[in-house]
Amino acid sequence: MMPEIGSVADPDRRLALECVAAGVRAAKPATVIGERVSMDGPELVVDGHRYDLDDYDDVVVVGGGNAAATAASALEDVLGDRIDRGAVVTDNPTETDRIEVLPGDHPVPSERGVESTRQILELAASAGPGDLVVALVTGGGSALMPAPADGIDLGDLQTTTEALLASGAAIDEINAVRKHCSDLKGGRLAAAAAPATTVGLVFSDVVGNRLDVIASGPLTPDETTFADALGVLDRYDVDVPDAVDARLRRGSDGEYPETPDAGDPAFESVSQHVVADSHTAMDAAAEAAREAGYDPLVLSSRVRGEAREAAKALAGVAEECADTGTPVEPPAVLLSGGETTVTIRGDGVGGPNQEFVLSAALELSEPEIVVAAVDTDGVDGNAEAAGGIATSATAEPADEARAALDDNDAGTYLERRDSAVVTGPTGTNVNDLRVFVVPDR
């Protein structure tokens, strides 16, 4: 369990936790929407773009994801009674006044998520040409907004999702498959809302803020095809239910229409705004480091690949910093974001961030360096922890640490050493946040 930060004796370990906490706080919807969304008279203002609400008949709010309910609550603080109706799907409910919060589950879709998503689609379809639809799109939306396509049932989706998550496929590849098994993903939510004007407020948990990948792109033209989805299954040797295989093959043969592309008129009245992303968290973490007298350096917001391999590379950068003062002179904090993956070969507890931390701890030759990594939504893989924090000493004895990695059991290993970072659901999701604290030489 993550201790109270103020009670942590070691100053570098405490700073690592302070950076993590600052990053998560900055990405919370109440903070983000308060800074990026406002009303100016009758106009809704989003990052300088203006939407005169007097020009619309009704304002309808739809959406889903880990941060959807907290974002809905924050949006209510801005729009108040200008919201006529609305509903969002989430696994992290909070109290709202005008927008209904519907249940769903993550990372594997559920029956209640299917029922909730059908309500979202019906609500979007109820919008007329004179209405404004505000869509809250956040990380986790792919699992939380399941809408099984023709010929597929929930069990098929669950089995497919679990197989894809265990395969080591990147999120864009996973979502290419999910889009072609859904009635909402891959631009179909936008199609349901058309011809209403749709404004998307997007919390990005995807490397490069790709709108077609975040929550599987419900408002975005889809460049992938049924053939691409089949290619992902083949590339990672993913075994899926017969119904999924049949739908993808029939779609590839032209028996099902492809997801809407950029030429579809449904997108003519859609605009999207990324209001929070990995940089939101990293910038706040950098400020926390700066206030503590450490020089922060953002290495990248796009770190990806197998978690344990990415850890080796970034641990090497931290060692270089400690030994030579390159790329920044200690005391320093090295920050990165993005999304790493785990190819599951064992049956342990953990996730990409915990594997990153344990792998980095095994690699680090400088015992003073502290590494921490969390998923900003508060849940890392199949563990209750958000991530972990460690030094090289945490990975001793090394044979036990390596055995834990081999069994994908980094979560259990770190928990037993009081090195798990447990936050609970955070109400946001802007992907992973990783911190290396390199003390003064």
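None of the values given here were measured: they were computed from a predicted structure.

Focus on the state of the cysteines
- Under the counting rule described, the total for this entry stands at zero disulfides.
- C19 takes part in no disulfide bond, and the closest cysteine sulfur, belonging to C321, lies 14 Å away.

Focus on the packing of aromatic side chains
- Counted under the stated rule, the structure contains one aromatic pair.
- With centroids separated by 6.1 Å and ring planes inclined at 65°, the aromatic side chains of F356 and F436 adopt a geometry described as edge-to-face. Of this pair, F356 sits in helix 13 (residues 352-363) while F436 sits in strand 15 (residues 432-438), placing them 80 residues apart in sequence.
- On the basis of relative accessibility, which here comes to 2%, the residue F436 falls in the buried class.
- One cation-aromatic arrangement involves R417 over Y413; the distance from NZ or CZ to the ring centre is 3.5 Å.
- A cation sits over an aromatic face here: R434 above F356, 5.4 Å from the ring centre.

Quick word on the pattern of salt bridges
- Taken as a whole, this structure holds 20 salt bridges when the rule is applied.
- The salt bridge partner of R36 is D47, with a shortest N-O separation of 2.6 Å. With R36 in helix 2 (residues 29-36) and D47 in the loop between strand 2 (43-46) and strand 3 (49-52), this residue pair connects regions lying eleven residues apart in the sequence.
- A relative accessible area of 28% means that R36 is categorised as partly exposed.
- On the basis of relative accessible area, D47 is assigned to the partly exposed category, the value being 34%.
- One salt-bridge network, in which partners are shared between bridges, spans D40, E43 and R50.

Remarks on the environment of V437
- Relative to the assigned elements, V437 resides in strand 15.
- Sequence separation of V437 and V371 is 66 residues, and the distance between their C-alpha atoms is 6.5 Å.
- Once residues within four sequence positions are removed from consideration, V437 is found in contact with D12, L15, A16, Y294, A332, V333, E368, I369 and V370.

Considering the layout of surface pockets
- Here the largest pocket defines a volume of roughly 1200 Å³.
- Together, 48 residues line the largest pocket, and L165, I174, E339, T340 and P352 are the ones closest to its centre.
- It is helix 7 (residues 171-179) that provides the largest number of residues to the lining of the largest pocket, a total of five residues.
- The residue inventory of the lining of the largest pocket, partitioned by class, reads 17 nonpolar, 19 polar and twelve charged.
- Forming the walls of the second largest pocket are eleven residues, and the residues nearest its centre are E384, A385, E415, A420 and V422.
- Broken down by element, the residue count for the lining of the second largest pocket peaks at three residues, all from helix 15 (residues 410-416).
- Counted by class, the lining of the second largest pocket contains six nonpolar, three polar and two charged residues.

A look at the packing of helix 2 against helix 3 (residues 68-79)
- With their axes 8 Å apart at the nearest point, helix 2 and helix 3 run at an angle of 35° to one another. As helix 2 runs across helix 3, the sense of the crossing is right-handed. Here P29, A30 and I33 of helix 2 lie close against helix 3, whose contacting residues are T70, A71, A74, L75 and V78.
- Of the residues assigned to the contact of helix 2 with helix 3, the class counts are seven nonpolar, one polar and no charged.

A closer look at helix 13
- With twelve residues, helix 13 extends 16 Å between its outermost C-alpha atoms, agreeing within 8% with the 16 Å of an ideal straight helix rising 1.5 Å per residue.
- Along helix 13, eleven of the twelve residues are buried, which leaves the element largely enclosed by surrounding structure.
- Of all the positions in helix 13, only P352, N353, Q354, E355, F356, V357, L358, S359, A360, A361 and L362 are classed as buried.

What counts, and where the lines are drawn
- Residues numbered from 1 in each chain as written.
- Predicted model: local features only at pLDDT ≥ 70, side-chain atom pairs only at ≥ 80, totals over all residues.
- Heavy atoms only, no water.
- Disulfide = S-S within 2.5 Å.
- Phe/Tyr/Trp six-rings, centres within 6.5 Å; stacked < 30°, edge-to-face > 60°.
- Helix = DSSP H or I, 4+ residues; strand = E, 2+ residues; numbered from the N terminus.
- Buried < 20%, exposed > 50% of the residue type's maximum accessible area, 1.4 Å probe, protein only.
- Lys NZ or Arg CZ within 6 Å of the ring centre and 35° of its normal.
- Salt bridge = Lys/Arg side-chain N within 4 Å of Asp/Glu carboxyl O.
- Contact = heavy atoms within 4.5 Å.
- 1 Å grid on protein atoms, 1.4 Å probe; cavity = no way out; pocket = protein on both sides within 12 Å on 5 of 7 lines; lining within 4 Å.
- Points joined across faces, edges and corners; volume = space filled by probe spheres on them.
- Nonpolar A, V, L, I, M, F, W, Y, C, P; charged D, E, K, R; others polar.
- Axes fitted to C-alpha atoms, helices over the stretch in contact; angles between N-to-C directions.
- Left-handed = near helix turned anticlockwise from the far one by under 90°.
- Expected span 1.5 Å × (residues − 1).

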